[in-house]
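The primary structure of each chain is shown beneath.
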Amino acid sequence: MFNIHIPQAKNKYEFDELLKVFLKSDEYRLMGSEEEIGTDDSENTNGRDDVIFVPVFTEISTDSGKKEKEIKNQIKRFLYKELQHITGETPDWGILTGVRPVKLAGELLQREGSAEKARKLLIEEYYLTREKAQLLMDIVAYQSRLLQISPREAVGLYIGIPFCPTRCVYCSFPSNQGKAEHIAAYLEALHREISYVSERMKQKGWYPESVYIGGGTPTTLTERQLDGLLKHVTEAFDLSHLREFTVEAGRPDTITAGKLEAIKKYNVQRISINPQSMKVQTLDRIGRAHRPEDIVEAFRLARAAGIPMINTDVIAGLPGEDVEDFVDTLEQVLALEPENITVHTLALKRASRLKEIDSEFNYKQGKRVRAMLARAKEMLDCAGYEPYYLYRQKQMTGNFENVGYAKGDTAGIYNIRIMEEAQTIIALGAGGITKVFYPEENRLERIPNVSNFEIYIERLEEMLQRKEENL
Ligand code: SF4
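Criteria and thresholds
- Residues numbered from 1 in each chain as written.
- Predicted model: local features only at pLDDT ≥ 70, side-chain atom pairs only at ≥ 80, totals over all residues.
- Helix = DSSP H or I, 4+ residues; strand = E, 2+ residues; numbered from the N terminus.
- Rg over C-alpha atoms; globule rule 2.2 N^0.38 Å.
- Buried ≥ 20, exposed ≤ 12 C-beta atoms within 10 Å, placed from the backbone.
- Near = placed C-beta within 6 Å.
- Nonpolar A, V, L, I, M, F, W, Y, C, P; charged D, E, K, R; others polar.
- Domains from an automatic or database assignment.
- Contact = placed C-beta atoms within 7 Å.
- Axes fitted to C-alpha atoms, helices over the stretch in contact; angles between N-to-C directions.
- Parallel < 35°, antiparallel > 145°, perpendicular 65-115°, else oblique.
- Left-handed = near helix turned anticlockwise from the far one by under 90°.
- Core = buried A, V, L, I, M, F, W, Y, C linked by C-beta atoms within 7 Å.
- Pairing = 2+ DSSP bridges.
- Right-handed = clockwise from strand over helix to strand, strands pointing away.

S.K.: Let's hear about the overall build of the protein: which residues, and what values?
M.R.: Within the protein one finds 17 helices and 14 strands. For the protein, whose C-alpha radius of gyration is 23 Å, the value lies close to the compact-globule estimate of 23 Å for 471 residues. Over its C-alpha atoms, taken along the principal directions, the protein stretches across nearly 65 × 50 × 45 Å. In the protein, buried positions account for 42% of the 471 residues.

In structure tokens form, the structure reads like this:
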């Protein structure tokens, strides 16, 4: 057991994510500014605990915000070096534990004025590997080629359908296996929120740059319900500036020719068809009811319906899979020629069933996932895909990343904007978190909807009131 004492830590849990990359959760104990170092002989085979004492660092900056960040980074660098020495591990993302490393790379580029200098800082001050630093700089370059700064009036719209046919074993989203009457009641409330938000946006002179219908699985809706939802969205908002309209179809077992027809009718250009894995045993293990052939068939239907852009999600690190299984999935996916491929790393949050079954699963899978992600990068580079957005999550296997790849200029604008945090995103439906961007202060203000869909229906007036007061 390591007792790690950080006397300057105001919130010791900020360092937990970094420690978890090196050590299992029962191998260390964190102590902040208030705590004394204790030892517990029973927990160490040597008869005593090991102590890592982080020194007190001097503040250089005069700006209090920067001061805090500098000290945090110094503490992280110290811990990284110590633990690298003890464990022999060299994590790819160095001391970075945040969700948006691309944002940091963009800020460094702006500050330093050259990609080379920014890349160097990522390696020397944040301890990223050369590959990850280069990946970030490539993504920053792609994004600045594709997108300008968003005008204030242009917003992203997110509409959530929190229902799925079954629940995946790794799921931590608000996904419900709702009965028909529940879904109908939910849609009634959602339609009211759409009407309200469209009016509010018109009053403010705002318009959607992108519309993203996500979930859950929006194609869990019946053909009629989906048609009704798309019709309402199309009529309610001023779509004259719209650059992107997405419906996450996701589960192939929910996709029908009729739903694709509705999607096409309302000019949705992007859908996703997500295999996650093309291995039957894995699909069974993770609680997905579809087969690999269903993915192929969903692609055929979508192409026949004339959907121009398809994204497919795959996951590295699924239980029971080795590198060959993952490569085989990628080969099968590449043969379908989707415009975008998103390579996720399995993230197990507390709300997932798999986390309940094996609490150390993330920690154990690290090395295998590293090899899977490296193969994915190689194969996708080779097939002409470029990485265009990246984000990380807490509790991610091996502390890795999710990367969206695109062929040509087919990158998903909404995906980039949500990670950039420089545009207002209005989220409708249960679990939606609206983020209003204030450019003068470079600040986001959050307006959350409740995540339970039944409570959302019950308390819809309150959700609308929150938007009334804060939008
Ligand atoms: S499809 Fe997505 S939202 Fe639905 S259960 Fe699976 S992980 Fe959760």
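S.K.: Outline the site of the ligand, listing residues and values.
M.R.: Contacts to the ligand come from Cys164, Arg167, Cys168, Cys171, Phe173, Ser175, Gly215, Gly216, Thr217, Gly250 and Arg251. The residue makeup of the shell around the ligand, split by class, is 4 nonpolar, 5 polar and 2 charged.

S.K.: Before we move on, could you go through unusual backbone geometry and cite the residues and values that matter?
M.R.: In this chain, Gly215 is followed by Gly216 through a cis amide linkage whose omega measures 15 degrees. Within the chain, Glu421 stands out as a residue other than glycine whose phi angle is a positive 55 degrees. Turning to its location among the elements, Glu421 is positioned in the loop between α15 (413–420) and β12 (425–428). Positive phi values are uncommon outside glycine, yet Asn442 reaches one of about 45 degrees.

S.K.: Describe the domain arrangement of the protein, naming the residues involved and giving the relevant values.
M.R.: Here the protein is described as being made up of domain 1 (1–89), domain 2 (91–146) and domain 3 (154–460). Domain 1 puts 8 residues into the contact, and the matching count from domain 2 is 5 residues. Put simply, the parts of the chain that give the side of domain 1 that touches domain 2 at least two residues each are α1 (16–22) and α2 (64–87). For the side of domain 1 that touches domain 2, the element with the highest residue contribution is α2, accounting for 4 residues. By residue class, the composition of the side of domain 1 that touches domain 2 is 3 nonpolar, 1 polar and 4 charged.

S.K.: An account of the packing of helix α3 (residues 101–112) against helix α4 (residues 115–124) is requested, with residue identities and associated values reported.
M.R.: At a minimum axis separation of 8 Å, α3 and α4 run at an interaxial angle of 125 degrees. In this view, α3 runs oblique relative to α4, as classed from their interaxial angle. For the element pair α3 and α4, the recorded crossing hand is right-handed. Across from Ala105, Leu108, Leu109 and Glu112 in α3, the residues of α4 making contact are Ala115, Lys117, Ala118, Leu121 and Leu122. In terms of residue class, the contact of α3 with α4 is made up of 7 nonpolar, no polar and 2 charged.

S.K.: Give a detailed account of the packing of helix α6 (residues 180–204) against helix α17 (residues 460–470), specifying residues and quantitative values.
M.R.: One way to put it is that α6 packs onto α17 with a least axis distance of 11 Å and a crossing angle of 15 degrees. In this view, α6 runs roughly parallel relative to α17, as classed from their interaxial angle. As for how α6 packs across α17, the hand of that crossing is right-handed. For the pair α6 and α17, contact is made by Ala189, Arg192, Glu193, Tyr196, Val197 and Arg200 and by Leu460, Met463, Leu464 and Lys467, respectively.

S.K.: Mind laying out the nonpolar core, listing which residues take part and the relevant values?
M.R.: Counting residues in each nonpolar core, the largest one holds 115 residues, and the members touching the most others are Ala105, Leu136, Ile271, Ile273, Ala302 and Ala316. Take this core: its biggest share by element is 7 residues, from α6.

S.K.: A description of the sheet that holds strand β1 (residues 2–5) should follow, citing residues and the corresponding values.
M.R.: Working definition: the strands of a sheet are paired by backbone hydrogen bonds and lie parallel or antiparallel to each other. If you walk across this open sheet you meet the 3 strands as β2-β1-β3, and the pairing is parallel. Each edge of the open sheet is held by one strand with a lone partner, namely β2 (28–31) and β3 (50–53). Ignoring strand direction, the axes of neighbouring strands in this sheet form an average angle of 20 degrees. As paired strands, β1 and β2 are joined by 4 bridges and run parallel to one another.

S.K.: Just give me the short version of the environment of Gln281, but keep the residues and values in it.
M.R.: Looking at the secondary structure, you find Gln281 in helix α9 (residues 280–285). For the pair Gln281 and Glu321, spaced 40 residues apart in sequence, the C-alpha to C-alpha distance is 9.4 Å.

S.K.: Account for the pairing of strand β6 (residues 244–250), naming residues and giving values.
M.R.: Most of β6 is tucked away: 7 of the 7 residues are buried. Inspection of the sheet shows strand β5 (residues 207–215) paired to β6 by 4 bridges, in the parallel sense. By the bridge assignment, Ile213 is partnered in β6 with Val247. Following the chain from β5 across helix α7 (residues 223–236) to the adjacent parallel β6, one finds a crossover that is right-handed. Relative to strand β7 (residues 270–273), β6 runs parallel, the two being bridged by 4 bridges. By the bridge assignment, Val247 is partnered in β7 with Ile271. Considered for its hand, the β-α-β crossover made up of β6, helix α8 (residues 257–265) and β7 is right-handed.

S.K.: Give a description of α15 that names residues and reports values.
M.R.: Buried residues dominate α15, accounting for 6 of its 8 residues. Within α15, burial applies to Ile413, Tyr414, Asn415, Ile416, Arg417 and Ile418. Once α15 finishes, Glu421 follows within two positions and takes phi at roughly 55 degrees, a positive value.

S.K.: Describe the environment of Ile416, and please don't skip the residues or the numbers.
M.R.: Assignment of secondary structure puts Ile416 in helix α15. Separated by 140 residues in the primary sequence, Ile416 and Gln276 place their C-alpha atoms 21 Å from one another. Residues within four places of Ile416 in sequence aside, it is in contact with Gln143, Leu147, Tyr388, Tyr389 and Ala411.

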